[in-house]
Amino acid sequence: MDATAERREFYDRLKTRSAAPLWEVLSDIVRKDPRTAVQAALWRYEEMRPFIAEAGRLITAEEAERRVLVLENPGLPGMSRITQSLYAGLQLILPGEMAHTHRHTASALRFILEGSGAYTSVDGERLTMKPGDFILTPFWSYHDHGNPGSEPVVWLDGLDIPTVNMFDTSFFEKEAEHDHDRDEEGAPEAKFVETSAMKYPYEPHRARLASMASVGGPDPRHGYKLEYQNPNTGRAVLPTIGACLQLLPGGFSGRPYRSTDATIFCAAEGHGTSTIGEKTFSWGPHDIFVVPSWHAVAHRADDESLLFSFSDRPAQKALGIWREET
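The rules we used
- Residues numbered from 1 in each chain as written.
- Predicted model: local features only at pLDDT ≥ 70, side-chain atom pairs only at ≥ 80, totals over all residues.
- Heavy atoms only, no water.
- Buried < 20%, exposed > 50% of the residue type's maximum accessible area, 1.4 Å probe, protein only.
- Helix = DSSP H or I, 4+ residues; strand = E, 2+ residues; numbered from the N terminus.
- Pairing = 2+ DSSP bridges.
- 1 Å grid on protein atoms, 1.4 Å probe; cavity = no way out; pocket = protein on both sides within 12 Å on 5 of 7 lines; lining within 4 Å.
- Points joined across faces, edges and corners; volume = space filled by probe spheres on them.
- Nonpolar A, V, L, I, M, F, W, Y, C, P; charged D, E, K, R; others polar.
- Axes fitted to C-alpha atoms, helices over the stretch in contact; angles between N-to-C directions.

Enquirer: I'd like a description of the pairing of strand 8 (residues 134–137), backed by residues and values.
Expert: Both faces of strand 8 are covered, namely the face carrying F134 and L136 and the face carrying I135 and T137. Where strand 8 lies against strand 13 (residues 199–200), two bridges are found, and the strand directions are antiparallel. Each bridged residue has a counterpart across the sheet, and for F134 the counterpart in strand 13 is Y200.

Below, the structure written as structure tokens:
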């Protein structure tokens, strides 16, 4: 038996004991730099909005539990994820509807895109929605959504479902009864220092970015950028997900930047382009795009623009594995 055949026979016998030779896979599992199946991709809101409306006609909030269109990364088909660690979707709640109370291990964020008057209640704290507001439902918090207003409300969901499922730690529970009349409004929008760690109103954060722009020049990669922080701890809003809001002045042309946290962006205002690796995407209000791990991204703004973004950076930093190229 020659050496190659003998080696194959050895590997076959190892398989019968649920074992394998490390030297055959070492370069794949311990890599010199990140490699990912996640692809740079963009979802245009004007193209997705008709599907959202159609879902509203086809299925009730009662039937769906949550009426959401999952944004599946084209490199991860059928896996219900936008990056390896994060899920994203577009959720609709129509006037008069209520999505019943439940809780789950996964933490969630909501970035409001369209419509006003709906709310999320988190453990009895009612958080009324306006476009641009950023709302959290931390892990294992009872939460529900309602729309007593007169117009449909759509928001971008972001959850750490793939992370939770990677650890095989997913739990879900419905609340039998919930008295919505006892929920109290939280996070008054008149204050910049929020009384709630669950809601981050848009206008005060936009105003702070405008103030930054009035006194100094932009960062050459990010423009003017704020990280949302828990007002009680000063740390990221969730242990597994961080979020930012950045302002790009009209005419801004950013230098390329890359980091290990694959990042989901949503245009809150303005128009521009983002070059991700060799791909360039044009975007406008409510468009959503994803930058894979360790892919360089450079933003250009045609007019004054604001980008909301979220990623798993807090989890990577906690594990000591996050890296950026400066």
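Enquirer: Go over the layout of surface pockets, please, and point to the residues and values.
Expert: A volume near 890 Å³ is recorded for the largest pocket. Taken together, 27 residues line the largest pocket, and the ones lying closest to its centre are T260, S293, D312, Q316 and I321. Listed by contribution, the elements that provide at least two residues to the lining of the largest pocket are helix 5 (161–166) and helix 7 (313–319). Of the residues in the lining of the largest pocket, the class split is 11 nonpolar, eight polar and eight charged. When its volume is computed, the second largest pocket comes out at roughly 610 Å³. Contributing to the lining of the second largest pocket are 37 residues, with E227, C244, D261, S311 and R313 lying nearest its centre. Elements supplying a minimum of two residues to the lining of the second largest pocket: strand 14 (224–227), strand 15 (242–248), strand 16 (258–259), strand 17 (263–269), strand 21 (297–301), strand 22 (305–311) and helix 7. Considering each element in turn, the lining of the second largest pocket owes the most residues, four residues, to strand 15. Residue composition of the lining of the second largest pocket, by class: 16 nonpolar, 12 polar and nine charged.

Enquirer: For the sheet that holds strand 19 (residues 279–283), give the residues involved together with the corresponding values.
Expert: What the three strands build is an open sheet, ordered 19-18-21; its pairing is antiparallel. The open sheet has two edge strands with one neighbour each: strand 19 and strand 21. Averaged over all adjacent pairs, the angle separating strand axes in this sheet is 15 degrees, with direction ignored.

Just geometry here; none of it tells us what the structure is for.
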